[in-house]
Amino acid sequence: MNRRDLLRAAAAATAAIPAGAIPNQTRFDLDIRRLNLRHKWTTVMSSSDYRDVIYTSYTRDGVTGHGEGAPIVRYQEDAKSGLRALERERARVMSSNPWEFEKLMALMFHDINYAYAALSAMDIALMDWVGQKLGIPLYRYFGLDPKDAPITTFSIGIDDPDKTQDKVREAAQYPVLKIKVGLDSDEATIAAVRAVTNKPLRVDANEGWKDKNVALKKIQWLATQGVQFVEQPMPADQLDDLRWLHKNSPLPLIADESVRHASDIPALRDAFSGINVKLDKCGGMMAAYREIQVAKAFGMKTMLGCMVSSSCTVTAAAHLSPLVDYADLDGNLLISNDPWRGVTVDGMGKLVLPDRPGLGLQRTTA
Ligand code: MG
């Protein structure tokens, strides 16, 4: 090529980039996706046939990272406002260096301190991108041994005794069940479960017991029923009652609704034995990692939980699961249209982490 041809080719190449285009082909896509539940899902807080989640994807240099966030109604979050919050951050996301994800996420946490599921969707997409670019699964990025992944419980939502027993039978693969309680029917629910299985149980009252004496009586009875611990027995705003309950309870208490962020943990040390960390509560994998480490520093037990989510969020949480004592990562098992295959559960109920780069997600036909 002579000099004139070279100049002509260079000019043509420049002209091929439209005004305003990002030369490294960065893309940031946002959407709301509806996940359909296999069974109507009922807790003391809500009942529904589907959940809407925020979906994100971040593409740069030929690699796409995927993320998802399930907004939590308890904290006044919803998918539409979460999506709008991320949309307002578009210019910053497009112009930031994704390798400096810590700085980008710190700025976004400062701006969007009300939409943590949206922040989680962003964080997961970036971490998936980083893991894929490095060519390593995310558990390796965090220095974890996938063989240390715990078993996961399988959750049984509130239902009548017959349907509860059907769900327990369907959960044959899982060695420990998590039973949703928090109503006057708790004793009947546990009796129905105990009529069909001897497995260890964990129970979650979702703030359902309002009186500390009633709560203590329930827990004393549950301790005779092969229950290992009780999650969030009373409302988060009754912290003094929770402290009294913790002092008198024969079973460990685990905080869920009481704890969203690492900064909540010091005030909970004398009210709970441990905390339930969820990416959708705290704002993603990096925030969850910090929260787990703070809880450990205070000598508290740690648990990773999830909302109703696809395998995207559940796999992101699972990559951190070798760090924790307990896992309740079954949100993807409760839906019928999971777009992804990621973490799986073996015949003993143990989480099996994908060893592909990043989150290690593969698309399904759903
Ligand atoms: Mg809970």
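Our structure's up above, just so we're on the same page.
Residues numbered from 1 in each chain as written. Predicted model: local features only at pLDDT ≥ 70, side-chain atom pairs only at ≥ 80, totals over all residues. Heavy atoms only, no water.

**Q** Please explain the coordination of the magnesium ion as it appears in this structure.
**A** When four donors bind a metal tetrahedrally, each ideal donor-metal-donor angle is 109.5 degrees, and when six bind octahedrally, the ideal angles are 90 or 180 degrees. The magnesium ion binds to the protein through D204 (OD), E231 (OE) and D256 (OD); the donor distances cover 2.1 to 2.2 Å. For the magnesium ion, all donor residues lie on one chain, and their spacing in sequence is D-x26-E-x24-D. Highlighted residues: E231 in strand β7 (residues 227-231) and D256 in the loop between β8 (253-255) and β9 (274-277), separated in sequence by 25 residues. Accessibility assignment for this pair places E231 and D256 in one class, buried. (Donors = N, O, S within 2.8 Å, 3.2 Å for Na, K, Ca; no water. Helix = DSSP H or I, 4+ residues; strand = E, 2+ residues; numbered from the N terminus. Buried < 20%, exposed > 50% of the residue type's maximum accessible area, 1.4 Å probe, protein only.)

**Q** Explain unusual backbone geometry here, please?
**A** For residues that are not glycine, phi is negative in most cases, and the peptide bond is trans in most cases. With a phi close to 50°, D61 is a non-glycine residue in the positive phi region. Mapped onto the fold, D61 is located in the loop between β2 (47-60) and β3 (63-69). The phi angle at Q76 is positive, at roughly 55°, despite the residue not being glycine. Take Q76: it is sitting in the loop between β3 and α2 (79-88).

**Q** Would you mind going over the packing of helix α12 (residues 285-297) against helix α13 (residues 311-320) with me for this structure?
**A** When two helices pack together, their arrangement is given by the angle between the helix axes and by the axis-to-axis distance. It is the contact of α12 with α13, at a shortest axis distance of 10 Å, that shows an interaxial angle of 35°. Judged by the sense of rotation from one axis to the other, the crossing of α12 with α13 is right-handed. On the side of α12, the interface is formed by M285, A288 and Y289, while α13 contributes A316, H319 and L320. For the contact of α12 with α13, the per-class residue count stands at 5 nonpolar, 1 polar and no charged. (Axes fitted to C-alpha atoms, helices over the stretch in contact; angles between N-to-C directions. Left-handed = near helix turned anticlockwise from the far one by under 90°. Contact = heavy atoms within 4.5 Å. Nonpolar A, V, L, I, M, F, W, Y, C, P; charged D, E, K, R; others polar.)

**Q** So what exactly am I meant to see when it comes to a nonpolar patch on the surface here?
**A** Together, W99, L134 and Y141 give the surface a local cluster of nonpolar side chains, amounting to about 290 Å² of exposed area. As for its position among the elements, L134 is in helix α5 (residues 116-134). For L134, a relative accessible area of 44% gives the class partly exposed. (Patch = residues over 30% accessible without salt bridge, like charges linked within 9 Å, V, L, I, M, F, W, Y side chains within 5 Å. Areas by Shrake-Rupley, 256 points an atom, 1.4 Å probe, with all protein chains shown as cover. Salt bridge = Lys/Arg side-chain N within 4 Å of Asp/Glu carboxyl O.)

**Q** Is there a simple way to think about the sheet that holds β8 in this case?
**A** What links the strands of a sheet is backbone hydrogen bonding, and the strands pair in either a parallel or an antiparallel sense. Taken together, 8 strands build an open sheet; the order of strands is β4-β5-β6-β7-β8-β9-β10-β11 and the sheet is parallel. The open sheet has two edge strands, β4 (154-156) and β11 (326-328), and neither has a second partner. Looking at each pair of strands side by side, their axes are set apart by 25° on average, direction ignored. Where strand β6 (residues 201-204) lies against β7, 3 bridges are found, and the strand directions are parallel. (Pairing = 2+ DSSP bridges.)

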